[in-house]
Every structure is written in structure tokens, then in C-alpha cells.
Amino acid sequence: MRSFIAIAMLALLAATPLHAQVVNGIGGPVTTMVPSSASRPASFDNVTTRHFNWLYGISAGNAAGVELVGDPAVTQGVETRKVFRMTVNASDPDEYGKRTEVSPLYERVPQGRRWYAGGVYFPADWDLTGKDGWIVVFQVHSARGIVVTSPPFSIIADGPDLLMETRANHRDTYTLKNGVMVPDASPDNTMQQRLMLGKIEREKWYCLVLDADWQHASGTGASRLWLNGKLVYEGSNFPTHYMNVELPSRGNYPKTGVYLGGFQDTLHGKRVLYADFIHLGGAASSYAEMADRTPCPAPPAA
């Protein structure tokens, strides 16, 4: 089974060059949550019904916590845009923590440039006291890298604050210790930075565009982040993630939803967040092209 999955991922990645502009067949819009028993289309160019199970996977203790609903910011007129409604309950089973997240299928980028666009909407009853600890609402994780630690990139709601957090490690060597080859990279020597993006406003979309050149070697990577049309972060000539082995099942992949790092079973209630689809672009994409996919109205040009 694993060999079949690896072959399928290789075929899909070969058919979807990383230099392409907006990627149509990985992530992107969903029109129905009803599963399709038909095979996944080889091309989505002329597909009008986009089934969730063709495009995304769910990481959740309760998969029913992912719903497709109308844009909560639209209060009048005809609703034409759909988004995800993510719900996490204190009673949900653990899924490596309390979480309800979606991630595009077949998306693994071990190295190189990739564009990401998405958005999150905090409803009127979103609690800002911080009693549930920090909550990751968007992230680009790193699967099976040299070090097991937090994601290279994440957007975090920490009480009333919206934060950007990054982690990277340039070490790609191993040392023999007690007869076992141990990676020199560790959580303790991983670089971390945290940037305050602002205070969270409820009933408002936060639309993000991330342009990342994923590199682990010193002096090689770069990244830029726009939030609601404003360039809020830019850096270059530094590592942006961890070393990934060049295999299709390994590499960076985005997720959006609700991951509660401090949510305890003893707490009551739930968390509800609205999230846009995850839009992906290759090296030839642009800010304007990616921002146009988000729920925010008429994003300004870069």
C-alpha cells in the first residue's frame, strides 16, 4: 500500500510542476463535502464539482467538526462563496492534541519556492482571554524532517494577540552516539522567531499570503508574509525550515483550522473558527494572483 501511495504521489507531482502558477488540483476551493466514489480526476481544469475527499484530508478527533458553510462576513445579497467552519470540542478525542484541521492531499515540498494563500475569521464569540492557551490557526508543517519539533511557519492566536512564529535549523549532519546515528539538529538548537501581528478583531477576515523559499542551509532561504494586503514580514539569506529527505512522503505541507496546544479535557465549551481554502502557487506565482483567491475584498497590489 505504501509503495502504491508513493507512486501515486510521484505521478501527481510530476503532473503538477512546482513552477506552475496557481495550482488547480491540490487544495483550492471545495464545492461539496459529500464524498465521491469516483476516481480523483487527472486534471481539474474542467471540473465544476470539487469534492472535499479529492482535495483535502482531515486531522481531527472528530471529523464532523469540518463543515462547508457560507462566508460569515456576507450579511446580505446572494451568497456565492463557501468556507470551512471548524469546531473543536473539549470532549473530542485527542488527535495528537485537540485539533480540527484540513490539509491539501498530495502536497509535500522538501525544498524550493512555494506560495500559499488562506484566511481565518474569528466569530463574535471567540474568547480572547487566553484561558485555552495558544491556538494555531494556520501552519506549514514539515513532515519527517531531520528534527521533530514545531512547524517552520505558523499563525497563532494567543489570547488577544495574533502572532507569526517560525522555526528553522541548518544542521543536516549526524553523530554516532552509543552505536546509534543521532541527528545534530534538535529542538534545543533550533532557531525560533515570533512576530506580533496585532490584536485580534472579531468578525473580520485575516487573509494571508506567504511566499516561502524553503531551504535549510545557512544563508540560502527567504520568506515574505502579507496580511490583509500589507507586507508584514520579509527576510532572506537564512534557513527557513529543517532538512527533508527527498522522498514524496516528506516535505512541507500547509494546514488550517484549530489546533489547541493548551486545551485540557477539564475545560468546558468549544472553539469555532472559519477558515478559507488553502491556495497553492508555484515559483512563478505573484502576490496579486494569490491574494485574489482569498475572502478579503480587492486586496491592494504588492
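Everything quoted here is computed from the prediction, not taken from an experiment.

What counts and how
- Residues numbered from 1 in each chain as written.
- Predicted model: local features only at pLDDT ≥ 70, side-chain atom pairs only at ≥ 80, totals over all residues.
- Heavy atoms only, no water.
- Helix = DSSP H or I, 4+ residues; strand = E, 2+ residues; numbered from the N terminus.
- Buried < 20%, exposed > 50% of the residue type's maximum accessible area, 1.4 Å probe, protein only.
- Contact = heavy atoms within 4.5 Å.
- Areas by Shrake-Rupley, 256 points an atom, 1.4 Å probe, with all protein chains shown as cover.
- Pairing = 2+ DSSP bridges.
- Axes fitted to C-alpha atoms, helices over the stretch in contact; angles between N-to-C directions.
- Disulfide = S-S within 2.5 Å.
- Patch = residues over 30% accessible without salt bridge, like charges linked within 9 Å, V, L, I, M, F, W, Y side chains within 5 Å.
- Salt bridge = Lys/Arg side-chain N within 4 Å of Asp/Glu carboxyl O.
- Core = buried A, V, L, I, M, F, W, Y, C linked by side-chain atoms within 4.5 Å.
- 1 Å grid on protein atoms, 1.4 Å probe; cavity = no way out; pocket = protein on both sides within 12 Å on 5 of 7 lines; lining within 4 Å.
- Points joined across faces, edges and corners; volume = space filled by probe spheres on them.
- Nonpolar A, V, L, I, M, F, W, Y, C, P; charged D, E, K, R; others polar.

Remarks on the overall build of the chain
Helices and strands together make up the secondary structure of the chain, namely three helices and 17 strands. Looking at the chain as a whole, 47% of its 302 residues are labelled buried. Partitioning the intrachain contacts of the chain with sequence separation of at least 6 by distance along the chain shows that 69% fall at a separation of at least 24. Summing over all exposed atoms, the chain offers an accessible surface of approximately 14,100 Å²; the carbon and sulfur share of this is 52%.

What about the sheet that holds strand β6 (residues 134–143)?
Spatial ordering of the open sheet is given by β1-β4-β15-β6-β7-β8-β11, a layout of seven strands whose pairing is antiparallel. Pairing within the sheet leaves two strands with one partner each, and these edge strands are β1 (56–60) and β11 (191–199). For this sheet, the mean inter-axis angle between neighbouring strands, taken without regard to orientation, is 20°. Of the strand pairs in this sheet, strand β4 (residues 98–104) and strand β15 (residues 251–260) are connected by five bridges, and their pairing is antiparallel. Paired with E101 across the two strands is G257, which belongs to β15.

Some thoughts on the state of the cysteines
Counted according to the given criterion, the structure contains one disulfide. With a sulfur-sulfur separation of 2.0 Å, C207 is cross-linked through a disulfide to C296. Sign of the S-S torsion, about 100° for the bond between C207 and C296, identifies this disulfide as right-handed. Pair noted here: C207 is in strand β12 (residues 205–214) and C296 is in the segment after α3 (287–291), with a separation of 89 residues, a long-range link. Of the two residues, C207 and C296, neither departs from the other in class, the shared state being buried.

Comments concerning a nonpolar patch on the surface
Taken together, Y174, L176 and M181 make up a surface patch of nonpolar side chains, about 330 Å² in accessible area. Looking at the secondary structure, you find M181 in strand β10 (residues 180–183).

Here we look at the environment of V147
Looking at the element boundaries, V147 is found in the loop between β6 and β7 (153–158). Leaving out residues up to four positions away in the same chain, V147 has contacts with A185, S186, P187, T190 and Y242.

Comments concerning the nonpolar core
In terms of nonpolar packing, the biggest core is built from 44 residues, with Y56, F84, F122, F153, I155 and L225 touching the most fellow members. It is β12 that provides the largest number of residues to this core, a total of five residues. Apart from residues lying up to four places away in sequence, Y56 is in contact with G27, G28, V30, F84, V102, S103, P104, L105, F277 and I278.

Considerations on empty space enclosed by the protein
Counted under the stated rule, the structure contains one cavity of 30 Å³ or more. Each pocket or cavity is described by its volume, and for the largest cavity that value is around 50 Å³. Around the largest cavity, the lining comprises 11 residues; the ones closest to its centre are C207, N228, G229, Y287 and A291. Listed by contribution, the elements that provide at least two residues to the lining of the largest cavity are β12 and α3. Here the element with the most residues in the lining of the largest cavity is β12; it accounts for three residues. Class assignment for the residues of the lining of the largest cavity results in eight nonpolar, three polar and no charged.

Focus: the pattern of salt bridges
Oppositely charged side chains can form a pair if their charged atoms are brought close together. What the rule picks out here adds up to 16 salt bridges. Between D132 and R271 there is a salt bridge; the shortest N-O distance is 2.9 Å. You can see D132 sitting in the loop between β5 (112–121) and β6 and its partner R271 sitting in strand β16 (residues 270–275), a full 139 residues away along the chain. Owing to a relative accessible area of 4%, R271 belongs among the buried residues under this scheme.

Here's the deal with the layout of surface pockets
Within this model, the second largest pocket holds a volume of roughly 370 Å³. What lines the second largest pocket is a set of 17 residues, among which R99, Q139, H141, K255 and Y259 lie closest to the centre. Of all the elements in the fold, those that place two or more residues in the lining of the second largest pocket are β6, β7, β8 (161–168) and β15. Examining the composition of the lining of the second largest pocket, we find that four residues originate from one element, β6, more than from any other.

Keep in mind that these numbers describe shape and distance, not what the molecule does.
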